[in-house]
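The lines below spell out each chain.
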Amino acid sequence: MVWKNNVFRMLTLVALLLLSKGLMAQTHYITDDVFIYIHGGPGTQYRILGSIEAGQTITLLNETQNDYSKVRDHKDREGWVKSDLIETGSSLRTRLPIIEAELAQTKSTLAQLDQSSESVAQQLTSSNNQIASLQSELAKVTNERDTANQQLQSIKDNAQSKMWQQGALIAGLGALIGIILVYLPRPQRKQKSRWM
């Protein structure tokens, strides 16, 4: 019994696939020039006064009977139409030119934005190249600064070393002179009590 259900499901699936392919091959559309009839009274048994094309503006006259409403069309004819065919918003026929104009404006704006984005991309590439060049210059200048700082520190260290050497030399000479002076014989003073 289970295998019969599975076979039935498979056959149904194949049939639906074949049917959908057949339907897709036969795509049809309704023309945009659709119209409705305006009648002399609230029903199809009344005389047809004319037709109103889809999207035409009408004035609702606030009279309804059954499924019909009394209207005045753009040609100033009064008659009855089915109430479910009346809409309060603007029709596709009146909105389509507005939407097409907006679409054209949007495409134009998009094209301008495309051009400006290409310009911005070129400016960005140029700016990135300048940044890379400046970073290279900065690295070079930083390297030169570091080298100059090392040379300055070396000069300071040499100057300080010479100062210490000179100070040590002066101190050594002073000590040597002091030692020499200590060991030099002193002149003897004459005694006052002696006669010469």
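Refer to the structure presented above.
Described in the following lines is the structure provided in the data block. (Residues numbered from 1 in each chain as written. Predicted model: local features only at pLDDT ≥ 70, side-chain atom pairs only at ≥ 80, totals over all residues. Heavy atoms only, no water.)

**As for the pattern of salt bridges**
And then number 1: Throughout the structure, instances matching the rule amount to six salt bridges.
And then number 2: We note a salt bridge from Glu78 to Arg72, for which the minimum N-O separation is 3.0 Å.
And then number 3: For Glu78, a relative accessible area of 38% corresponds to the partly exposed category.
And then number 4: Owing to a relative accessible area of 27%, Arg72 belongs among the partly exposed residues under this scheme.
And then number 5: Arg145 is the salt-bridge partner of Asp146, the closest N and O atoms lying 3.0 Å from each other.
And then number 6: Exposure remark for Asp146: the relative accessible area of 33% places this residue in the partly exposed category.
And then number 7: The exposure class assigned to Arg145 is partly exposed, which follows from its relative accessible area of 48%.
And then number 8: Look at the salt bridges and you will find they share partners, linking Glu63, Lys70, Arg72, Asp76 and Glu78 into a network. (Salt bridge = Lys/Arg side-chain N within 4 Å of Asp/Glu carboxyl O. Buried < 20%, exposed > 50% of the residue type's maximum accessible area, 1.4 Å probe, protein only.)

**Examining the pairing of strand E4 (residues 68–72)**
Both faces of the sheet carry side chains from a regular strand, because those side chains alternate between them.
And then number 1: Taking burial as the measure, the five residues of E4 include four buried ones, the bulk of the element.
And then number 2: Relative to E4, strand E3 (residues 59–65) runs antiparallel, the two being bridged by four bridges. What sits directly across from Leu60, in E4, is Val71.
And then number 3: Adjacent in sequence and paired antiparallel, E3 and E4 are bridged by two residues, among which Asn66 carries a positive phi angle near 55°.
And then number 4: As defined by bridge partners, E4 adjoins strand E5 (residues 78–82) across five bridges and the pair is classed as antiparallel. Looking across to E5, one finds that Arg72 is bridged to Glu78.
And then number 5: Connecting E4 to the antiparallel partner E5 that follows it, the hairpin turn spans five residues, and Asp76 within it adopts a positive phi of roughly 65°. (Helix = DSSP H or I, 4+ residues; strand = E, 2+ residues; numbered from the N terminus. Pairing = 2+ DSSP bridges.)

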